[in-house]
Amino acid sequence: MLFRSGLLKFIVANSKILAPATDLAAAQERQAAKVHKLTMGELVGKFSDDVMGGTGAAEEPGVEIDEAWYSFSFKVSADSAFVDQQNSAMANVVSERNELIHHFLAKWNPASQDSTLAIIASLDAQRDKAVLVREQLRAFAKSLQDNRKSIAEFMASEEGERQMELAWLRNSRLVALLGDVAMQKARPDGWTSLALAGQLVKLHEPAEMTEREERFGHSTLKGLLLATEMFDVMDEPTPKGGNRTLYRLKPEWKLRIASAPAES
């Protein structure tokens, strides 16, 4: 047949993934195996929901994580008229395919020239519509492949590795706690004592302090704060001739955290 499910299976199986980085390859294999078992109608339904369903919000693990997770989503961004037309065309192809498989022989009288000519005309019309759908799917598949390739190249680059490290640090429980302390225990001038922050974190979340170097590779809180690029850090002289380290959230991060929706 002209219209096969291979393109659909590829797009649906690879249009989104959410998994720990250490389990990414296996998660992709499991997803591909699951998609391979879907019927054509189920594939079209998944395609309409996952790919043609608009931009949507980024998926999150839904559990507390202690390692880097990978999330990728490919969706077609288009006006509602195009989405409706594409979904309708896909549903029509499935309907005509099922009609062809299950009812073709019942409609065709091979002894009648008129019946044969009518069947040929009907098949030609179906082919024309299927070709349009197939070419559109090929365009979607190419765009998906290009996006995956670009992301893979970026992730393998030095900047990609740096961004992954930043994301891991910035989304850690310890950095979130330090950000909370910076906003809740700041002096009138906006700065917070790092020593005080360390004491509070150690009091309420001792494991975050004891496992800091092993998990993040930084032996000091100051080094960790600087690595996140989220905080301003400075040393201030004390009345007794020593120094104390102060920190504060950078304005853009303070605004981002303040405007973030509260967790339910």
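Here the structure is a predicted model, which means the values were calculated and not measured.

Reading the values: rules and limits
- Residues numbered from 1 in each chain as written.
- Predicted model: local features only at pLDDT ≥ 70, side-chain atom pairs only at ≥ 80, totals over all residues.
- Heavy atoms only, no water.
- Helix = DSSP H or I, 4+ residues; strand = E, 2+ residues; numbered from the N terminus.
- Contact = heavy atoms within 4.5 Å.
- Core = buried A, V, L, I, M, F, W, Y, C linked by side-chain atoms within 4.5 Å.
- Buried < 20%, exposed > 50% of the residue type's maximum accessible area, 1.4 Å probe, protein only.
- Axes fitted to C-alpha atoms, helices over the stretch in contact; angles between N-to-C directions.
- Left-handed = near helix turned anticlockwise from the far one by under 90°.
- Nonpolar A, V, L, I, M, F, W, Y, C, P; charged D, E, K, R; others polar.
- Expected span 1.5 Å × (residues − 1).
- Salt bridge = Lys/Arg side-chain N within 4 Å of Asp/Glu carboxyl O.
- pLDDT = per-residue confidence, 0-100.
- Pairing = 2+ DSSP bridges.

**Looking at the side chain of Ser115**
Here Ser115 is to be found in helix α5 (residues 113–156). Other than its neighbours up to four places away in sequence, Ser115 contacts Lys107, Trp108 and Asn109.

**Observations concerning the nonpolar core**
Judged by nonpolar contacts, the single largest core of 28 residues is most densely connected at Leu8, Phe47 and Leu137. Going through the elements one at a time, α1 (6–14), β1 (16–20), α2 (24–36), α3 (40–50), α4 (80–107) and α5 are the ones with two or more residues in this core. One finds Trp168, Leu178, Val201 and Tyr247 within the second-largest nonpolar core, a separate group that totals 21 residues.

**Remarks on the packing of α4 against α5**
For the pair α4 and α5, the least separation of the axes is 10 Å and the interaxial angle reads 145°. Here α4 runs over α5; the crossing is left-handed. Between α4 and α5, the contacting residues are Phe82, Gln86, Ala89, Met90, Asn92, Val93, Glu96, Leu100, Phe104 and Lys107 on the first element and Ser115, Ile119, Leu123, Gln126, Lys129, Ala130, Val133, Gln136, Leu137 and Phe140 on the second. Looking at the contact of α4 with α5, its residues break down into 12 nonpolar, 5 polar and 3 charged.

**Considerations on α2**
When the terminal C-alpha atoms of α2 are compared, their 18 Å separation across 13 residues agrees well with the 18 Å that a helix rising 1.5 Å per residue should span. Contact partners of the buried residues in α2: α1, β1, α3 and β2 (69–73).

**A look at the pattern of salt bridges**
As enumerated under the stated definition, the model contains 17 salt bridges in all. In this structure, Glu205 and Arg173 form a salt bridge, with 3.2 Å as the shortest nitrogen-oxygen distance. Of this pair, Glu205 sits in the loop between α8 (194–204) and α9 (206–210) while Arg173 is found in helix α7 (residues 173–184), placing the two residues 32 residues apart along the sequence. According to the relative accessible area criterion, Arg173 is partly exposed, its value standing at 41%. Each of Glu159, Arg162, Arg170 and Glu229 takes part in salt bridges that share partners, so that together they form one network.

**Details of the confidence of the model for the protein chain**
Averaged over all residues, the pLDDT of the protein chain equals 85, while 90% of them reach at least 70. Taking the mean pLDDT of every element in the protein chain, the minimum, 76, falls on helix α12 (residues 251–259) and the maximum, 96, on strand β3 (residues 192–193).

**Here we look at the sheet that holds strand β4 (residues 231–237)**
As summarised here, the arrangement of the 3 strands in space is β3-β5-β4, forming an open sheet in which the pairing is antiparallel. A single partner strand is all that each edge strand has here, and the edge strands are β3 and β4. Across 2 bridges, β3 lies against strand β5 (residues 243–249) in antiparallel orientation. Paired with Ser193 across the bridge in β5 is Leu246. Together, β3, β4 and β5 form the strand contacts of α7, whose direction differs from that of β5 by roughly 95°. Each of β4 and β5 is contacted by helix α11 (residues 221–228), which is oriented at about 140° to β4, the strand it contacts most.

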